[in-house]
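Coordinates in review
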Amino acid sequence: MKGRNMTRWRDPAKDPRQEPKSHLITAEGAERLRGILDHLSRVKRPALSAKVGEAAALGDRSENADYTYNKKELNRVIARIRYLTRRLDELTVVDRLPADTGKVYFGAFVTLEDDDGEEMAIRIVGHDEIDPAKRWISVDSPLARALLGKPLDEEVTVAAPGGETTYVITEIAYRDPGK
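The following paragraphs examine the structure supplied in this document. Since the model is a prediction, treat every value here as computed from it, not as a measurement. (Residues numbered from 1 in each chain as written. Predicted model: local features only at pLDDT ≥ 70, side-chain atom pairs only at ≥ 80, totals over all residues. Heavy atoms only, no water.)

A few words on the sheet that holds strand E6 (residues 155–160). Across the sheet, which stays open at both edges, the 5 strands sit in the order E5-E4-E3-E7-E6 with mixed pairing between neighbours. Sheet topology places strand E5 (136–138) and E6 at the edges, where each strand pairs with a single neighbour. Here the average twist between neighbouring strands, direction ignored, is 45°. Sheet topology places strand E4 (residues 119–125) next to E5; 3 bridges connect them, and they run parallel. Counterpart to Val125 in the pairing with E5 is Ser138. (Pairing = 2+ DSSP bridges. Helix = DSSP H or I, 4+ residues; strand = E, 2+ residues; numbered from the N terminus. Axes fitted to C-alpha atoms, helices over the stretch in contact; angles between N-to-C directions.)

Structure follows, in structure tokens:
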């Protein structure tokens, strides 16, 4: 059976998309998601509903591009509101520091040094907070999994697409969630 909706078959046991994702989020990440949800439901959705109503009042909807565009945009916003509502319900907010701040845990700012002496600063965050520009990585990523529970000056080897890379943890810091 061929068609545009067919995808390549993947073995579920080896498919990385099937791995369970952690449901952790930092306090500031949860606040940001709540802010987005509030903006969508209180500002964006009513404005789009009004635009759809105005465009529908003009008459023939089949050739009304303004109606079609705003209706699609409204449906996209409603879907995003549903997703954020469900996602916020299933997330666990980590709003305290770990008992041992000398080891790498969720929410840590970690500075790593590779074999060439180059430093890399990352932060371990939840799946919903990933930001490559800030170098915030998911707690589910291979690098984060290798770092979790490791103390300062520990060597960590991570399997990467280009081969194995060894890092040394040179700094571990946490931001107080209460601030």
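Here we come to the packing of aromatic side chains. Taken as a whole and assessed by the stated rule, the structure comprises 0 aromatic pairs. It is Lys134 that lies over the ring of Trp136; its NZ or CZ is 4.5 Å from the centre. (Phe/Tyr/Trp six-rings, centres within 6.5 Å; stacked < 30°, edge-to-face > 60°. Lys NZ or Arg CZ within 6 Å of the ring centre and 35° of its normal.)

Turning our eyes to something else, we now look at helix H1 (residues 27–57). If you check H1, its first and last C-alpha atoms are 44 Å apart, about what 31 residues at 1.5 Å a residue would give, namely 45 Å. The largest bend in H1 amounts to roughly 35° and is located at Leu40. For H1, the full list of buried residues reads Gly29, Ala30, Leu33, Leu37, Leu40, Leu48, Val52, Ala55 and Ala56. (Expected span 1.5 Å × (residues − 1). Bend = angle between axes of the 7 residues up to and from the residue. Buried < 20%, exposed > 50% of the residue type's maximum accessible area, 1.4 Å probe, protein only.)

On the surface, Asp115, Asp116, Glu118, Glu154 and Glu155 cluster together into a negatively charged patch. In this fold, Asp116 is placed in the loop between strand E3 (109–114) and E4. For Asp116, a relative accessible area of 66% corresponds to the exposed category. (Patch = residues over 30% accessible without salt bridge, like charges linked within 9 Å, V, L, I, M, F, W, Y side chains within 5 Å. Areas by Shrake-Rupley, 256 points an atom, 1.4 Å probe, with all protein chains shown as cover. Salt bridge = Lys/Arg side-chain N within 4 Å of Asp/Glu carboxyl O. Lys, Arg positive; Asp, Glu negative; His and termini not counted. Charge placed at Lys NZ, Arg CZ, Asp CG, Glu CD.)

What follows covers the environment of Asn75. By the element assignment, Asn75 lies in helix H2 (residues 65–90). Through-space distance from the C-alpha of Asn75 to that of Ser49 is 10.0 Å; in sequence the pair is 26 residues apart.

With respect to the helices and strands, the residue Tyr67 is situated in helix H2. Residue class for Tyr67 comes out buried when judged on its relative accessible area of 15%. When the C-alpha positions of Tyr67 and Ala56 are compared, they lie 6.3 Å apart, and in sequence the two are 11 residues distant. Apart from the residues within four sequence positions on either side, Tyr67 is in contact with Val52, Ala55, Ala56 and Arg61. (Contact = heavy atoms within 4.5 Å.)

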